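Fold and geometry: a report
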Amino acid sequence: MSSFMLKIRLKEAQAELANATDQDDRNALALRVEQLKSAIFDVEMMEFEERVGFKSMEQNAGVWDER
């Protein structure tokens, strides 16, 4: 799934979390938000690798320390 679609799902989950009243629902939604953030980071890293190539990533190893 693309990072664009994951970001849309993240916004939806954050909106649901803002409107949730039951604590169990809030906990489940908070976990979902954290999982989506992690998935977005992973997908963006793969997209970046595809865009610049692995050799460039080795030469610019400091890029990932900036996040």
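Residues numbered from 1 in each chain as written. Predicted model: local features only at pLDDT ≥ 70, side-chain atom pairs only at ≥ 80, totals over all residues. Heavy atoms only, no water.

1. Description of a nonpolar patch on the surface
Together, Met1, Phe4, Met5 and Ile8 give the surface a local cluster of nonpolar side chains, amounting to about 420 Å² of exposed area. Locating isoleucine 8 in the fold gives a position in helix H1 (residues 3-19). Look at isoleucine 8 and you get partly exposed, because its relative accessible area is 33%. (Patch = residues over 30% accessible without salt bridge, like charges linked within 9 Å, V, L, I, M, F, W, Y side chains within 5 Å. Areas by Shrake-Rupley, 256 points an atom, 1.4 Å probe, with all protein chains shown as cover. Salt bridge = Lys/Arg side-chain N within 4 Å of Asp/Glu carboxyl O. Helix = DSSP H or I, 4+ residues; strand = E, 2+ residues; numbered from the N terminus. Buried < 20%, exposed > 50% of the residue type's maximum accessible area, 1.4 Å probe, protein only.)

2. Comments concerning the side chain of serine 3
Relative to the helices and strands, serine 3 is located in helix H1. Classification of serine 3 by relative accessible area gives buried; the value is 11%. Side chain to side chain, serine 3 and glutamate 47 meet in a polar contact 3.1 Å long. Those residues in contact with serine 3, other than ones at most four positions away along the chain, are Val43, Glu44 and Glu47. (Polar contact = N/O pair within 3.5 Å; in protein donor to acceptor, adjacent residues only side chain to side chain. Contact = heavy atoms within 4.5 Å.)

3. Some points on the pattern of salt bridges
On inspection of all chains with the given rule, the structure shows two salt bridges. Where arginine 32 meets glutamate 16, a salt bridge forms, and the shortest distance between an N and an O atom there is 3.7 Å. A residue pair is termed long-range when its members are at least 10 positions apart, and arginine 32 in helix H2 (residues 23-52) and glutamate 16 in helix H1 qualify at 16 residues. Note on arginine 32: relative accessible area 31%, which makes it partly exposed.

4. Side note on the environment of leucine 36
Topologically, leucine 36 is positioned in helix H2. Taking relative accessible area as the criterion, leucine 36 reaches 11% and is therefore assigned buried. When the C-alpha atoms of leucine 36 and arginine 9 are compared, they prove to be 7.7 Å apart, with 27 residues separating the residues in sequence. Beyond its immediate chain neighbours, meaning those up to four positions away, leucine 36 contacts Leu6, Arg9, Leu10 and Ala13.

5. Concerning the nonpolar core
Counting ten residues, the largest nonpolar core is built from Leu6, Leu10, Ala13, Leu17, Ala20, Leu29, Val33, Leu36, Ile40 and Val43. Of all the secondary structure elements, the ones that give two or more residues to this core are H1 and H2. Examining the composition of this core, we find that five residues originate from one element, H2, more than from any other. Setting aside residues no more than four positions away along its own chain, leucine 6 makes contact with Met1, Leu36, Ala39, Ile40 and Val43. (Core = buried A, V, L, I, M, F, W, Y, C linked by side-chain atoms within 4.5 Å.)

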